[in-house]
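Structural characterization, general
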Amino acid sequence: MQFCPKCGGVMIPVKKDGKEVLKCKKCGYEKEMSIKDKKAYEIKETTKNNKVLTTSIVSEKEGRKRGEEEWEQEREEYYKEIGLELLRDEFEGSEEKDED
């Protein structure tokens, strides 16, 4: 990778009038590509094993029915988590103010 001698921007290979040149994205400075530059900017592509992982549904649609107590316990745990998160955020916010 080369950088522009004028502004320090990245030089990108482009074709202009049938020739390949390095052009700065920032200021537009252009420089003809040498054979060494062409080898350095050669595009190589490798591919990895592109397997897709999937999951399957194991239980039936009807499944196990929950009782009212289980739902209530789950709600309590959810609200407890939210409350603790709010307290943590509030505590961290007060520490930041103390540091200022």
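Residues numbered from 1 in each chain as written. Predicted model: local features only at pLDDT ≥ 70, side-chain atom pairs only at ≥ 80, totals over all residues. Heavy atoms only, no water.

The strand order across the open sheet formed by three strands is S1-S2-S3, and the pairing between neighbours is antiparallel. Whereas interior strands pair on both sides, the edge strands pair on one side only; in this sheet they are strand S1 (11–16) and strand S3 (30–32). Strand after strand, the sheet turns through a mean of 35 degrees between neighbouring axes, direction not considered. One ladder, built from three bridges, connects strand S2 (residues 19–24) with S3; its direction is antiparallel. When the bridges of S3 are listed, Lys23 appears paired with Glu30. (Pairing = 2+ DSSP bridges. Helix = DSSP H or I, 4+ residues; strand = E, 2+ residues; numbered from the N terminus. Axes fitted to C-alpha atoms, helices over the stretch in contact; angles between N-to-C directions.)

Turning next to the nonpolar core. By size, the foremost hydrophobic cluster in this structure holds six residues: Cys4, Met11, Leu22, Cys24, Met33 and Tyr41. Setting aside residues up to four positions removed in sequence, Met33 forms contacts with Pro13, Glu20, Val21, Leu22, Lys38 and Tyr41. (Core = buried A, V, L, I, M, F, W, Y, C linked by side-chain atoms within 4.5 Å. Buried < 20%, exposed > 50% of the residue type's maximum accessible area, 1.4 Å probe, protein only. Contact = heavy atoms within 4.5 Å.)

Taken together, the side chains of Met1, Phe3, Val10, Ile12 and Val14 define a hydrophobic patch exposed on the protein surface, amounting to about 450 Å² of accessible area. With respect to the element layout, Ile12 can be found in strand S1. (Patch = residues over 30% accessible without salt bridge, like charges linked within 9 Å, V, L, I, M, F, W, Y side chains within 5 Å. Areas by Shrake-Rupley, 256 points an atom, 1.4 Å probe, with all protein chains shown as cover. Salt bridge = Lys/Arg side-chain N within 4 Å of Asp/Glu carboxyl O.)

A separate point is the pairing of S1. The pairing of S1 with S2 spans six bridges and is classified as antiparallel. If you follow Pro13 over to S2, its bridge partner there is Leu22. The turn joining S1 and S2, which pair antiparallel and follow one another in sequence, is formed by two residues; a positive phi near 55 degrees is taken by Asp17.

One non-glycine residue with positive phi stands out, namely Asp17, at about 55 degrees. Here Asp17 lies in the loop between S1 and S2. The exposed category is assigned to Asp17, whose relative accessible area is 75%.

Moving on: a negative patch on the surface. A cluster of acidic residues, Glu76, Glu77, Glu81, Glu85, Asp89 and Glu92, forms a negative patch at the surface. Structurally, Glu81 can be placed in helix H2 (residues 68–99). (Lys, Arg positive; Asp, Glu negative; His and termini not counted. Charge placed at Lys NZ, Arg CZ, Asp CG, Glu CD.)

Right, let's talk about the pattern of salt bridges for a bit. Summed over all chains, the structure comprises three salt bridges. Linking Glu30 and Lys16 is a salt bridge whose minimum nitrogen-to-oxygen distance equals 3.0 Å. You can see Glu30 sitting in strand S3 and its partner Lys16 sitting in strand S1, a full 14 residues away along the chain. Looking at Glu30, the relative accessible area reads 30%, which means it is partly exposed. Connected through salt bridges with shared partners, the residues Glu68, Glu72 and Arg75 form a single ionic network.

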